[in-house]
Amino acid sequence: MLAAAASASADTREGYQDSTTRQQIERMDENNRANAPDSSLNIPSTSVEGTALQGWMNNLQAEEDAARAKKAAEARQQQEELRDWFAAERQRMYEREVSMAATRQHENARDRQIIAGRQAQLAAYIDTLPRDTPIGPAAYDRMIDIVAPYSELMRPLVKLAYREFPREFAVRYGFMQLSTCDGLRTQATAYPGTLYDDENVLRDKCVMAQPSAAFPYLIEARQTGSPLDVALACALMAGARGSVPSFDPGIGPHLGDALHPRVSAWLDKRVQPCVTAAPAGTALYAGMVEPLVRQVERTYGNDRNLRVNSHLLWPLLARTSWEGVDLQDAAAVRRVFDYAVTRYEEGIR
Amino acid sequence: MRRVLSLFVIANMFLPATTLAGDGLKPGMIPIGEHRRLAAEHSTREDVLELLGPPADEVDVKAAKLLKKIDAKNRSGIEPCLPAGASVYHLWKYQMANVSDGGFEYDSKRFGDPYVYIAFREDGRVCVAFSEVADF
């Protein structure tokens, strides 16, 4: 059985006797033999020289070479464009830094000049004071007015005044702690947009601690101060409570209570006594506390609107703003508040 | 730091209010950077408890060991806080936490210092609060 199978597979052409097919197969065999490579030379029959296939392959190779060259040229161009972009960007950054440094230098020089002028005015005023009597609260008021709103000069001066006259200056010292940062120029505390990079770190550290630093003095003012100081202290504390995010480095509107339950609770506990200390229905409440808190709450989250931790609110604290004002008259109190807000907005612009 | 805190704020937007009401924090854990709410020389122990909650631990650390192990930037702050005649710092210790996947946990790969230590003055006010890698 196996032998028969082997015989059948040996030449399957046996079954084509006298047929045209057999003759065709024999011709094919002859052709194959004639075209068979010379095995003694062991050269593979791959030569396509002069054939259509060679032409086709050459064309293919040429196309591939062209595509590769095009791709390489595109890559080179992209690299060049990227290099040019980096160079332009580097140049732009450099120019920006140079420009910022120049602006900063200019601003610093201008501030130094103004501060030097205020210092000279302060010294001149001190020279007018009688040497044989101690400096009183009114004189400190005047000195603070001279140097306002430059916290570089105000902070030490208000601190000195508070040490001498804690009852009279507690609310203003509290405001200084709430609205300025030690070691940071005054203008930098106005709003973050005015900051240079290195000032951001200082401000971030300072701003978060402002309520903790200020509230002991504001509470003291609420407990021991004049009716005006009590109302101012309560307005500032309630304003801080109404704008918790303004004490965060990154201001996130609408997240105050949800994000800071402990901070809010801490503030609530300290603001709560104001319900009796500066009660609703008084002229100071109606004319100042209530509108301040409402405005702060309405605009918090926006750097450029009213914040209690901005030195620009100083006109509300300045004694000169309150001279001759009837504190029992809500409309008169409101006029002072509106004046302070106007000055604040001018400062922002 | 600003970027980190911004991410922290954004992450919090997606959390339910109940988690943020303080329950999400285990005792002794504080959100990153919250120790900066304290004002040196002003904040009292009561303030610290109200703002940060009770500490995870209270540790006594020998001054020499502490000063050797802590970051240089923290040394000048803590050095004046050693009570006269004492050789040991008594510190309140907190664990930093960041909001992640709806819970508070600390990712030390993303944020540097995992611990916060607070030293008090003899009058009970905060002398210094600082974050630190060293675990005491």
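Residues numbered from 1 in each chain as written. Chains lettered and ligands numbered in written order. Predicted model: local features only at pLDDT ≥ 70, side-chain atom pairs only at ≥ 80, totals over all residues. Heavy atoms only, no water.

## Looking at the overall build of chain A
Under the convention used in this document: Strands here are runs of E lasting at least two residues and helices are runs of H or I lasting at least four, both read from the DSSP assignment and numbered beginning at the N terminus. Note on classification: 1.4 Å probe, protein chains only; a residue is buried when its accessible area is under 20% of the maximum for its type, exposed when over 50%, partly exposed between these limits. By the convention used here, residues are in contact when the closest approach between their heavy atoms is within 4.5 Å. Calculation of accessible area relied on Shrake-Rupley with a 1.4 Å probe; when residues are assessed, cover is drawn exclusively from the protein chains displayed.
In terms of helices and strands, chain A carries 15 helices and 0 strands. Put simply, chain A has 349 residues, and 40% of those count as buried. For chain A, the share of sequence-separated contacts (at least 6 apart) that also reach a separation of at least 24 residues comes to 69%. Of the roughly 19,900 Å² that chain A leaves accessible, carbon and sulfur atoms contribute 53%.

## Here's the deal with helix 3 (residues 52–128) of chain A
Worth spelling out the cut-off: In this scheme, a helix's expected span is set at 1.5 Å multiplied by one less than its residue total.
Taking 1.5 Å per residue as the helical rise, helix 3 of chain A with its 77 residues ought to reach 114 Å, and the 112 Å between its terminal C-alpha atoms agrees with that figure. The complete set of buried residues in helix 3 of chain A reads A:Glu107, A:Asp111, A:Ile115, A:Arg118, A:Leu122 and A:Tyr125.

## What about the nonpolar core?
Filter applied, for reference: For the purposes of this section, nonpolar cores are sets of buried Ala, Val, Leu, Ile, Met, Phe, Trp, Tyr and Cys residues that join through side-chain atoms within 4.5 Å.
In this structure, A:Met288, A:Leu316 and B:Ile118 are the most contacted members of the largest nonpolar core, which totals 87 residues. When residues of this core are assigned to their parent elements, the largest contribution, 11 residues, is made by helix 8 (residues 227–241) of chain A. When sequence neighbours within four positions are dropped, the list of residues in contact with A:Leu316 reads A:Leu232, A:Met288, A:Leu292, A:Trp322, A:Phe337 and A:Ala340. With 17 residues, the next largest nonpolar core counts B:Ala63, B:Tyr89, B:Val128 and B:Phe130 among its residues.

## Structural notes on the confidence of the model for chain A
Regions with low pLDDT should not have their predicted coordinates read in detail. Residue and element names in this part refer to chain A. Which entries qualify depends on this criterion: Scored from 0 to 100, pLDDT records how confident the predictor is in each individual residue.
Of the residues in chain A, 84% have a pLDDT of 70 or more, and the chain-wide mean is 85. Low pLDDT (under 50) marks residues 1–13, which in the prediction has 3 contacts with non-local residues, meaning those over four places away or in another chain. Long-range and interchain partners of residues 251–255, a stretch whose pLDDT sits below 50, account for 12 contacts in this model, where long-range means more than four residues apart.

## What about the state of the cysteines?
How we decide: Disulfides are defined as pairs of cysteine sulfur atoms found within 2.5 Å of each other.
What the rule picks out here adds up to 3 disulfides over all chains. Two residues, A:Cys181 and A:Cys206, share a disulfide whose sulfurs are 2.1 Å apart. Linking A:Cys181 and A:Cys206, the disulfide has an S-S dihedral of approximately -85 degrees and is accordingly described as left-handed. Of this pair, A:Cys181 sits in the loop between helix 6 (166–179) and helix 7 (197–224) while A:Cys206 sits in helix 7, and the two are 25 residues apart along the sequence. There is no split in this pair, since A:Cys181 and A:Cys206 are both buried. Disulfide pairing places B:Cys81 opposite B:Cys127 at an S-S distance of 2.0 Å. Measuring the twist about the S-S bond at about -85 degrees, one finds the B:Cys81-B:Cys127 disulfide to be left-handed. Separated by 46 residues along the polypeptide, B:Cys81 in the loop between helix 5 (72–78) and strand 3 (88–100) and B:Cys127 in strand 6 (residues 126–132) bring together distant segments of the chain.

## Digging into the pattern of salt bridges
To keep things clear, this is the line we draw: Think of a salt bridge as a Lys or Arg side-chain nitrogen and an Asp or Glu carboxyl oxygen that are within 4 Å of each other.
For the structure on display, the rule yields 21 salt bridges over all chains. With a shortest N-O distance of 3.0 Å, A:Arg270 and B:Asp47 are connected by a salt bridge. Separated into two different chains, A:Arg270 in helix 10 (residues 261–271) and B:Asp47 in helix 3 (residues 45–52) make up a pair that spans both. Each of the two residues, A:Arg270 as well as B:Asp47, counts as buried. Among the charged side chains, a network of salt bridges with common partners joins A:Lys269, A:Arg270, B:Glu46, B:Asp47 and B:Glu50.

## A closer look at the environment of A:Ala213
On the secondary structure map, A:Ala213 appears in helix 7. The spacing of A:Ala213 and A:Pro315 is 102 residues in sequence and 21 Å in space, taken between C-alpha atoms. In this view, A:Ala213 contacts A:Gln177, B:Ala39 and B:His42; residues no more than four positions away in its chain are not counted.

## Notes on a positive patch on the surface
Residues and elements named next belong to chain B. Selection criterion: Only residues whose relative accessible area exceeds 30% and that form no salt bridge enter a patch; like-charged residues are grouped when within 9 Å of one another, and nonpolar side chains (Val, Leu, Ile, Met, Phe, Trp, Tyr) when within 5 Å. Just so you know, the count uses Lys and Arg for positive and Asp and Glu for negative, and it drops His and the chain ends. Here the site of a charge means NZ on Lys, CZ on Arg, CG on Asp, or CD on Glu.
A contiguous patch of positive charge, built from Lys62, Lys65, Lys68 and Lys69, is present on the exposed surface. Broken down by element, the residue count for the positive patch peaks at 3 residues, all from helix 4 (residues 63–69). Its place among the elements puts lysine 69 in helix 4.

## What about the pairing of strand 5 (residues 115–120) of chain B?
All names here are of chain B. We count it as follows: If DSSP finds at least two bridges between two strands, the strands pair.
Summarising burial for strand 5: 6 of the 6 residues are buried, a large majority. Burial of the side chains of strand 5 extends over both faces: Tyr115, Tyr117 and Ala119 are buried on one face and Val116, Ile118 and Phe120 on the other. Bridging between strand 5 and strand 6 involves 6 bridges; their strand directions are antiparallel. Within strand 6, the residue paired with isoleucine 118 across the bridge is alanine 129. Taking the residues between adjacent antiparallel strands as the criterion, strand 5 and strand 6 are bridged by 5 residues, where glycine 124 takes a positive phi near 90 degrees.

## Section: the side chain of A:Ser151
Residues and elements named next belong to chain A. Inspection of the secondary structure assignment puts serine 151 in helix 5 (residues 151–164). Owing to a relative accessible area of 2%, serine 151 belongs among the buried residues under this scheme. The contact partners of serine 151, leaving out residues within four places of it in the chain, are Pro156, Met176, Thr180, Leu184 and Thr186.

## Looking at the packing of helix 6 of chain A against helix 8 of chain A
Residue and element names in this part refer to chain A. Inclusion rule: Axis lines are fitted to C-alpha atoms, over the contacting stretch for helices. Their N-to-C directions set the angle, which ranges from 0 to 180 degrees. Comment on the angle field: the value is read as roughly parallel under 35 degrees, roughly antiparallel over 145, roughly perpendicular from 65 to 115, and oblique elsewhere. Handedness of each helix crossing follows the sense of rotation of the near helix against the far helix: counterclockwise by less than a right angle gives left-handed, clockwise gives right-handed. Side-chain classes are defined by residue name, with Ala, Val, Leu, Ile, Met, Phe, Trp, Tyr, Cys and Pro counting as nonpolar, Asp, Glu, Lys and Arg as charged, and the others, Gly among them, as polar.
Viewed as axis vectors pointing N to C, helix 6 and helix 8 meet at an angle of 20 degrees, and their least axial separation amounts to 10 Å. The angle between the axes of helix 6 and helix 8 places the two elements in the roughly parallel class. Where helix 6 crosses over helix 8, the two elements pack in a sense that is left-handed. Along the contact surface, helix 6 presents Arg167, Glu168, Val171, Phe175 and Leu178, while helix 8 presents Asp229, Leu232, Ala233 and Leu236. Considering only residue class, the contact of helix 6 with helix 8 consists of 6 nonpolar, no polar and 3 charged.

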